[in-house]
Amino acid sequence: KVLLEMVTATELQEKRKRYYSDIVIRNCEGEYIVIELKYKTKKSTYGDIELLHHGANDLGRFDYLWDLHRIQLLKNHDNGRYRFNSSLQRFVAGYAIMLTNDERYWTVSRRSLQNQRPLYYDFCIGNGDEIPSGTVLKWKDSENCVRGTCRDCSLTFEKSYRMEWRDYYFSNDLDSKFDLDFKYLILNV
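Residues numbered from 1 in each chain as written. Predicted model: local features only at pLDDT ≥ 70, side-chain atom pairs only at ≥ 80, totals over all residues. Heavy atoms only, no water.

Enquirer: Explain the pattern of salt bridges to me, please; I cannot follow it from the model alone.
Expert: What the rule picks out here adds up to 10 salt bridges. The closest approach of N and O atoms between Lys38 and Asp67, which form a salt bridge, is 2.9 Å. Taken as a pair, Lys38 in strand E3 (residues 31–40) and Asp67 in helix H1 (residues 57–76) lie far apart in primary sequence, 29 residues in all. Of the residues examined, Asp67 reaches a relative accessible area of 2% and is grouped as buried. Two residues, Arg166 and Glu164, come together in a salt bridge whose shortest N-O distance is 3.6 Å. Given the relative accessible area of 39%, Glu164 is considered partly exposed. Taken together, the shared-partner salt bridges connect Glu36, Lys38, Asp67 and Arg70 into one network. (Salt bridge = Lys/Arg side-chain N within 4 Å of Asp/Glu carboxyl O. Helix = DSSP H or I, 4+ residues; strand = E, 2+ residues; numbered from the N terminus. Buried < 20%, exposed > 50% of the residue type's maximum accessible area, 1.4 Å probe, protein only.)

Right, dumping it as structure tokens:
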């Protein structure tokens, strides 16, 4: 059974704070796979197709890693802090996927920002970037634009991740008509 935008967990302390998952694939034994999707574009035109400029790459990077963090939460099934959807019995796998034509996601890396260290430095997901297990990712300055929002938190991962962006190929009809430069990133929890 495939479910879209499913509530997968609710915080016990803040009962109104629910966590949704984009796609949940569940079998009759309650085993499930979670897939989180991000689609970020820069303004582009491909024939009759016009893509919007999403911008705010710093927030897009954080949001992608937040999805990964939530999948980790589901995997750990921490009953002390969360109430989990009762139809989900056993976590099998989780994937965070980003598809984008905005090269800043894959070209801007920690290595390229070593001297600047912008607010979002810890949340870089450029090609080749790594997040070692146990590393706390946080905004550089606590007095930034995310203060007091749902993004005002740090993230820690139990597993190490390496960002490896890959070319995304559309159907041959679309590829042959337009120069499409999309890449995707998939991380498995």
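The rest of the description comes next.
Enquirer: Sorry, what's going on with the side chain of Glu11 here?
Expert: Structurally, the position occupied by Glu11 is in strand E1 (residues 2–11). The exposure class assigned to Glu11 is buried, which follows from its relative accessible area of 13%. Within the structure, Glu11 has its side chain in polar contact with the side chain of Tyr19 (distance 2.7 Å). Setting aside anything within four residues of it in sequence, one finds Glu11 in contact with Lys17, Tyr19, Arg81 and Tyr82. (Polar contact = N/O pair within 3.5 Å; in protein donor to acceptor, adjacent residues only side chain to side chain. Contact = heavy atoms within 4.5 Å.)

Enquirer: I'm lost on H1 in this one. Help?
Expert: Within an α-helix, residues lying three or four positions from one another point in the same direction, as the helix has 3.6 residues per turn. An ideal rise of 1.5 Å per residue puts 28 Å on 20 residues; H1 measures up with 29 Å between its terminal C-alpha atoms. Of the residues one or two after H1, His77 is the one with positive phi, at around 50°. (Expected span 1.5 Å × (residues − 1).)

Enquirer: How do you make sense of the pairing of strand E2 (residues 18–26) when you look at a structure like this?
Expert: When a strand is regular, its side chains alternate between the sheet's two faces. The pairing of E1 with E2 spans seven bridges and is antiparallel. When the sheet's bridge partners are listed, Leu4 is paired in E2 with Ile23. By the bridge criterion, four bridges tie E2 to E3 in an arrangement that is antiparallel. Paired with Arg26 across the bridge in E3 is Tyr32. (Pairing = 2+ DSSP bridges.)

Enquirer: Is there a simple way to explain unusual backbone geometry in this structure?
Expert: One can expect most non-glycine residues to show negative phi and most peptide bonds to be in trans. A positive phi angle is found at Glu5, which is not glycine, with a value near 50°. You can see Glu5 is positioned in strand E1. Its relative accessible area of 48% is what places Glu5 among the partly exposed residues. Not every positive phi belongs to a glycine, and Arg117 is a case in point at roughly 50°.

Enquirer: How do you make sense of the environment of Glu164 when you look at a structure like this?
Expert: For Glu164, the position within the fold is in the loop between strand E11 (161–162) and strand E12 (166–168). Linking Glu164 and Ala93, residues 71 residues apart in sequence, is a C-alpha distance of 19 Å. With sequence-adjacent residues up to four places away left out, Glu164 is seen in contact with Asn127, Tyr184 and Leu185.

Enquirer: Help me understand the environment of Leu52, please; the structure alone is not making it clear to me.
Expert: Among the secondary structure elements, Leu52 is positioned in the loop between strand E5 (49–51) and H1. Separated by 77 residues in the primary sequence, Leu52 and Asp129 place their C-alpha atoms 27 Å from one another. For Leu52, the contacting residues outside a window of four places in its chain are Thr41, Lys42 and Lys43.

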